[in-house]
Amino acid sequence: MRNRFKDPIFMVVIAVLVSVVWLAVKPTAQGAAFQAARLQGTSNPDLNGVWQTMNTANWNLEAHAASAGLSTEAGPVGAVPAAPILALGAIGSIPGGIGVVEGGEIPYQPAALAQRQENRENVLTRDPEVKCFMPGVPRATYLPHPFQIVQSTNKILIVYEFASASRTVHLDEVGPPPVDSWMGHSVGRWEGDTLVVEVTDQVEGTWFDRSGNFHSDELTVTERYTPISPDHLQYEATIEDPNVFTRAWTISMPLYRHKEPNAQLTEFKCVEFVEELVYGHLRKEQLVSHWEGDLGELGGRLILDVTRTLPGQ
Amino acid sequence: MRHLTLGSVSLLAAVVMVGLAVPLPVAGQPSASNADMFRTPWGDPDLQGIWANDVSTPLQRPSRFEGKAELTEEELAGYTEERRATRENRDRRDFEPGTVTDVGRAYNAHWFPVPGNPIERTSLIVDPPDGHVPAFKPEALERFGAWAATKGRTGSAATPYGRAEGVADGTEGGVDGRGQRADHPEDRRFGERCIKSRFPRLPGGYNNHFQIVQAPGYVVVEHEMQHHVRVIPLDGRPHISQDVRQWLGDSRGHWEGDTLVVDTTNFTDKDHFQGSFDGLHLVERFTRVDATTVNYEFTVEDPTTWERPWSVEYPLRSLNSLMGGVDGMQIPQMFEYACHEGNYGLTGQLAGARAVERAEGTASR
């Protein structure tokens, strides 16, 4: 018997068997072995569902304390809400968050960090979300709106409520896209129970959040969707952009399944809602020009006046 | 190593046996042999792929074909040539520079697909048999007129009938000669505003593609035009609250045999389909005919608008078949139509109208 342990074939068999057993019981990255249900009739995990994050990543990917709002000006002590958001009060203020960036900080190149700061000081006029532009990846994932994964065999469609944006994850072999797009080009593959999606060919016009975090058109995003319970996916996105960052960096967060009966996306076609903002200056008769609100005994009367000019005026 | 190989074979065999032990989906309905070929792994009829509706047959029967529902093979060939010639004229350069038809073409032929061909029917409408939208109720005409008035529409743009045959381009008033005002964005059509395209879809000049993706319990129809995505549940749930009114309504689907039937209600009153607003009830039917064809039918009814329901039918053809063949073709993709993100057109329309007013001294500010 002892001789058999010197038999190379026997040892290979043992090694393979050990590997198979080890792979079968190997804990997932999240530390708990979870076997997701299969997509009916296939061997792949079933990621179908209406999902949403529960964090403040869209306000700021990095850890941040609560603050007064997206538009502030200096007060005698700290920042106070500026005119565009003044009437919104607490609704216009920003909730804090523990951050979703692994290691805490986004590794900007020095010039890009200065650009991020400038963006941050001009969020209302520069953040593409304000104008209802398609959000790009990964931001689409952690917008404060649900999205639905529609998983078939060759294609997975991810349908986002915000701006009716969507993207097709190609599991089959397709050619490269002819031009960059707002939602990019997504090619997926299965690594065990993890759906890995390489996202390329995104335009430079999207941001990562409402805090000015940005990228160039050299952005590539590698996403990982891993089932960790019947109602949770772990989402990871590794971001690379040689024009903006010093190295690749990763964000990570759980996605929660919408459990309410008959959960569904409803339309959020926000183009209609931003027409006054984008085209209001081109109206024959100016429309939004003056607002008064009586805040009662504690607030007095708030009066806002709006003046708009054409470009170049 | 031989042992290992044998072991692997056994393992594979075991997996296969287990796989076979799982009951295969049984077709619940008697179905055509074609349909049996197209099944998803979970047993639903398979409608997936990228489809085009670029059929150049008009919605309503042209007067020259009155009383004639179908064309003979010879007539169809002639008509096909004629329609192609008309389409190709979009790129002609013989319009007088600066006229409505010259300026108002929006795009030149580069942006339009290879001209679609007409089908053998003389109208997309199959019911009523005369090939026309049924008569409007008086209240519907009144409602449409009131809606059009809020947008300053004139000429045929102020009616639900559309431009009648023989009415010359540029003769109907408005800033564009087509009965449309441009005092503010709300005056312009929803397509120009990148909010919505006509739904249910009828063949148009471009972006005539649809991607269908299915999952257990869902069919999703993604429109290339305005990147609308319709997620259609098949689980028998009721429509959402009548208080939720949407541009594309609220859709619920079920299978009748191998045909997908989609019932859509909850339309908004901000827009209309052929004169029907929030009272629109749409029932669509998608049937896989063969490898390259899905037959698309819809019936619309709205007792507050038309004297009777009416129905349309036309084929959706797979993009592969339109590109010249199925075998050996690269898998087609549907690319993003980002309309709003670069909508210089609407800015141009409004800024142009303001410039005209300044030039004419009629500016109001």
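Residues numbered from 1 in each chain as written. Chains lettered and ligands numbered in written order. Predicted model: local features only at pLDDT ≥ 70, side-chain atom pairs only at ≥ 80, totals over all residues. Heavy atoms only, no water.

### Description of the overall build of chain A
Note the following rule: Where helices and strands are cited, they refer to DSSP runs of H or I of at least four residues and of E of at least two residues respectively, numbered from the N terminus. Buried residues are those whose accessible area, probed at 1.4 Å on protein chains only, stays under 20% of the maximum for their type, while exposed residues exceed 50% and partly exposed ones sit between those limits. The contact rule is simple, with two residues in contact once any of their heavy atoms fall within 4.5 Å. Per-residue and other accessible areas were derived by the Shrake-Rupley procedure at a 1.4 Å probe size, with only the shown protein chains allowed to occlude residues.
Within chain A one finds six helices and 13 strands. Out of the 313 residues in chain A, the part that is buried amounts to 44%. The contacts of chain A with a sequence gap of at least 6 include a subset with a gap of at least 24, amounting to 58%. When the accessible surface of chain A is totalled, it reaches about 15,700 Å², and 57% of it is carbon and sulfur.

### So, the state of the cysteines
Residues and elements named next belong to chain A. Stated precisely, the cut-off is as follows: Working definition: a disulfide is two cysteine sulfur atoms within 2.5 Å of each other.
Enumeration over the complete set of coordinates arrives at two disulfides over all chains. Here C132 pairs with C270 through a disulfide, and the sulfurs are 2.0 Å apart. With the S-S bond torsion at 80°, the cross-link from C132 to C270 turns out right-handed. Placement of C132 in the loop between helix 4 (123-126) and helix 5 (139-142) and of C270 in the loop between strand 11 (249-257) and helix 6 (271-279) is noted, with a sequence separation of 138 residues between them.

### Some remarks on a negative patch on the surface
Formally: Residues with no salt bridge and a relative accessible area higher than 30% make up the patches, which join like charges within 9 Å and nonpolar side chains (Val, Leu, Ile, Met, Phe, Trp, Tyr) within 5 Å. Here, a salt bridge means any Lys or Arg side-chain nitrogen found within 4 Å of an Asp or Glu carboxyl oxygen. The positive count covers Lys and Arg only, the negative count covers Asp and Glu only, and His and the chain ends enter neither. Where a charge sits is defined by one atom per residue type, namely NZ (Lys), CZ (Arg), CG (Asp) or CD (Glu).
Where like charges cluster on the molecular surface, the negative patch consists of D180, E204, D217 and E218 of chain A. Assignment of secondary structure puts E204 of chain A in the loop between strand 8 (194-200) and strand 9 (220-229).

### Things to note about the side chain of N213 of chain A
Residues and elements named next belong to chain A. So the rule is basically this: Each polar contact in these results corresponds to two N or O atoms within 3.5 Å; when the atoms are within protein, one needs to be able to donate a hydrogen and the other to accept it, and residues that are neighboring in sequence are counted only if both atoms are side-chain atoms.
Looking at the element boundaries, N213 is found in the loop between strand 8 and strand 9. Judged by relative accessible area, which is 0%, N213 ranks as buried. A polar side-chain atom of N213 sits 2.8 Å from a polar atom in the side chain of R116. Side-chain polar atoms of N213 contact the side chain of D209, separated by 2.6 Å.

### Some words on the pairing of strand 5 (residues 155-160) of chain A
All names here are of chain A. Heads up, the rule is: When DSSP finds two or more bridges between two strands, those strands count as paired.
Among the six residues that make up strand 5, six are buried, leaving the element largely enclosed by the rest of the structure. Along strand 5, one buried face is formed by K155, L157 and V159 and the opposite face, lined by I156, I158 and Y160, is buried too. Bridge count between strand 5 and strand 6 (residues 166-170): five bridges; the pairing is antiparallel. Directly across from L157, in strand 6, lies its bridge partner T168. Count of turn residues in the strand 5/strand 6 antiparallel hairpin: five residues, of which A163 carries a positive phi of about 60°.

### Focus on the interface of chain B and chain A
Operational definition: Once two parts are put together, the accessible area they lose, assessed with a 1.4 Å probe and summed over both, is termed the buried area. Polarity classes work like this: nonpolar for Ala, Val, Leu, Ile, Met, Phe, Trp, Tyr, Cys and Pro, charged for Asp, Glu, Lys and Arg, and polar for all others, with Gly in that last group.
With 55 residues of chain B at the interface, the matching set in chain A holds 56 residues. Taken together, the two surfaces of chain B and chain A that pack against each other cover about 4,700 Å², and 57% of this comes from carbon and sulfur. On inspection of chain B and its partner chain A, the count reaches four salt bridges. The interface formed by chain B and chain A contains 23 residue pairs in polar contact (both at pLDDT 80 or more). Looking at the side of chain B that touches chain A, the elements that each hand over two or more residues are strand 3 (209-215), strand 4 (218-223), strand 5 (229-233), strand 6 (250-256) and helix 7 (344-360) of chain B. Per-element accounting of the side of chain B that touches chain A gives the leading share, seven residues, to helix 7 of chain B. Partitioned by chemical class, the residues of the side of chain B that touches chain A number 26 nonpolar, 15 polar and 14 charged.

### What to know about the confidence of the model for chain B
Residues and elements named next belong to chain B. For clarity, the threshold we go by: On a scale of 0 to 100, pLDDT captures the predictor's confidence in every residue.
Of the residues in chain B, 80% reach a pLDDT of 70 or more, and the chain-wide mean stands at 85. Between residues 1-32, whose pLDDT stays under 50, and residues either more than four places distant or in other chains, the model counts 15 contacts. Under the prediction, the complex receives an ipTM of 0.88, its pTM being 0.88.

### Topic: the pairing of strand 10 (residues 310-318) of chain B
Residues and elements named next belong to chain B. Most of strand 10 sits inside the fold, with seven of its nine residues counted as buried. Pairing of strand 1 (residues 49-52) with strand 10 involves two bridges; the strand directions are antiparallel. Across the sheet, residue A52 finds its bridge partner in strand 10, namely R317. Sheet analysis places strand 2 (residues 125-127) next to strand 10, joined by two bridges and oriented antiparallel. Residue D127 lies in a different strand from strand 10, and its bridge partner there is S311.

### Some remarks on the sheet that holds strand 5 of chain A
Residue and element names in this part refer to chain A. Counted only if it meets this: All axes are obtained by fitting lines to C-alpha atoms, using only the stretch in contact for helices, and the reported angles, taken between N-to-C directions, cover 0 to 180 degrees.
In spatial order, the strands read 1-4-5-6-7-8-9-10-11; together these nine strands close into a barrel with mixed pairing. Sheet twist, expressed as the mean angle between neighbouring strand axes with direction ignored, is 30°. Sheet topology note: the strand 6/strand 7 (residues 185-191) ladder contains two bridges and is parallel. In the strand pairing of strand 7, V169 is matched with S186.

### Some thoughts on the packing of aromatic side chains
Counted only if it meets this: Classification of ring pairs uses Phe, Tyr and Trp, with its six-membered ring standing for Trp, and accepts pairs whose centres are within 6.5 Å; under 30 degrees between planes counts as stacked, over 60 as edge-to-face, and the remaining range as tilted. Cation placement over rings: the criterion is NZ of Lys or CZ of Arg within 6 Å of the ring centroid and within 35° of the ring normal.
For the coordinates displayed, the defined rule picks out 24 aromatic pairs over all chains. Taking the centre distance of 6.2 Å and the plane angle of 55° together, the rings of F144 of chain B and F277 of chain B count as tilted. A residue pair is termed long-range when its members are at least 10 positions apart, and F144 of chain B in helix 5 (residues 138-150) and F277 of chain B in the loop between strand 7 (259-265) and strand 8 (281-290) qualify at 133 residues. Per residue, the accessibility class of F144 of chain B equals that of F277 of chain B, and both read buried. Centre to centre, the rings of F273 of chain B and F298 of chain B are 6.0 Å apart; their planes meet at 75°, and the pair counts as edge-to-face. With a gap of 25 residues between them, F273 of chain B in the loop between strand 7 and strand 8 and F298 of chain B in strand 9 (residues 293-301) connect regions that are remote in the sequence. Taken together, the ring pairs connect F273, F286, Y296, F298, W306, W310 and Y314 of chain B into an aromatic cluster. Just above the ring of W59 of chain A sits the side chain of R210 of chain A; from NZ or CZ to the centre is 4.3 Å. Over the ring of F38 of chain B we find R288 of chain B, and its NZ or CZ is 3.9 Å from the ring centre.

### What about the nonpolar core?
Basically, it comes down to this: By convention a nonpolar core is built from buried Ala, Val, Leu, Ile, Met, Phe, Trp, Tyr and Cys residues, the set being connected through side-chain atoms within 4.5 Å.
Residues F286, W310 and V312 of chain B are the most contacted members of the largest nonpolar core, which totals 49 residues. With near-sequence residues (within four places) excluded, V312 of chain B lies in contact with L59, L124, I125, V126, L202, Y296, E297 and F298 of chain B. Judged by nonpolar contacts, the second largest core, of 44 residues, contains A57, L61, F133 and A140 of chain A.

### Describing unusual backbone geometry
All names here are of chain B. With an omega of 5°, the peptide bond between D127 and P128 qualifies as cis. The residue P128 is located in the loop between strand 2 and helix 5 in this model. Looking along the chain, the bond that leaves F199 and enters P200 is cis, with omega of 5°. By the element assignment, P200 lies in the loop between helix 5 and strand 3. Notably, H227 is not glycine yet its phi reads approximately 35°, a positive angle. Here H227 shows up in the loop between strand 4 and strand 5. Phi is positive for N266, which is not a glycine, with a value near 65°. In this structure, N266 sits in the loop between strand 7 and strand 8.

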